[in-house]
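Chain and residue survey
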Amino acid sequence: MYEHPYLSYRANELELEQLERAIARRRFIEEHADQIVLRPESALRRAVRRMLGMAPRATTVPAPATADAALPKRTPDAATRRAAPAAASGSRRTPVPCEAVPVR
């Protein structure tokens with residue numbers, strides 16, 4: 001007949017815990033904004049973006065300002081080696097080598 005106060009108390013506690021987690025997550029993201037790396041666009045997102053005529057999303061990561069960045073590559077990476085046959089066959093895909101992201 002009557003609602004037990006524990007039910008509303010427990011619901012309030014869960015909501016407060018969710019809020020605290022969300023606040024902590026936002027604070028962490030603000031403090032570590034330089035470490036966020038965007039995911040590559042999916043095929044569906046690219047198709048929708050093209051249909052709507054929107055500009056492509058910028059996916060380039062700035063190069064790290066270390067002495068290692070100035071060193072030339074001596075051997076081609078795996079993506080470049082795989083791209084040679086694909087380029088000869090007229091494939092429209094362009095390989096993008098993975099770059100390391102600096103971590104503090």
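Keep in mind that this is a model prediction, so the values were computed, not measured. (Residues numbered from 1 in each chain as written. Predicted model: local features only at pLDDT ≥ 70, side-chain atom pairs only at ≥ 80, totals over all residues. Heavy atoms only, no water.)

1. As for the overall build of the chain
If you tally the helices and strands in the chain, you get 3 helices and 0 strands. For the chain, the succession of helices and strands along the chain, N to C, is α-α-α. Residues counted as buried form 5% of the 104 residues belonging to the chain. Accessible surface computed for the chain: about 10,300 Å², of which carbon and sulfur atoms make up 59%. (Helix = DSSP H or I, 4+ residues; strand = E, 2+ residues; numbered from the N terminus. Buried < 20%, exposed > 50% of the residue type's maximum accessible area, 1.4 Å probe, protein only. Areas by Shrake-Rupley, 256 points an atom, 1.4 Å probe, with all protein chains shown as cover.)

2. Overview of the pattern of salt bridges
For the coordinates displayed, the defined rule picks out 1 salt bridge. The salt bridge partner of R49 is E41, with a shortest N-O separation of 3.1 Å. A relative accessible area of 11% places R49 in the buried class. Judged by its relative accessible area of 18%, E41 is buried. (Salt bridge = Lys/Arg side-chain N within 4 Å of Asp/Glu carboxyl O.)

3. Describing a nonpolar patch on the surface
Taken together, the side chains of L44, V48, M51, L52 and M54 define a hydrophobic patch exposed on the protein surface, amounting to about 580 Å² of accessible area. The residue L44 is located in helix α2 (residues 43-52) in this model. Residue classification places L44 among the exposed positions, given a relative accessible area of 65%. (Patch = residues over 30% accessible without salt bridge, like charges linked within 9 Å, V, L, I, M, F, W, Y side chains within 5 Å.)

4. Section: the confidence of the model for the chain
Overall, the prediction assigns the chain a mean pLDDT of 74, with 57% of residues at 70 or greater. Of all helices and strands in the chain, the one with the weakest mean pLDDT is helix α3 (residues 78-88) (52), whereas helix α1 (residues 5-31) scores best (94). (pLDDT = per-residue confidence, 0-100.)

5. Brief notes about the side chain of R49
Structurally, R49 can be placed in helix α2. Apart from residues no more than four positions distant in its own chain, R49 is found in contact with E41, M54, A55, P56 and R57. (Contact = heavy atoms within 4.5 Å.)

6. A word on the environment of V103
For V103, the position within the fold is in the segment after α3. Judged by its relative accessible area of 67%, V103 falls in the exposed class.

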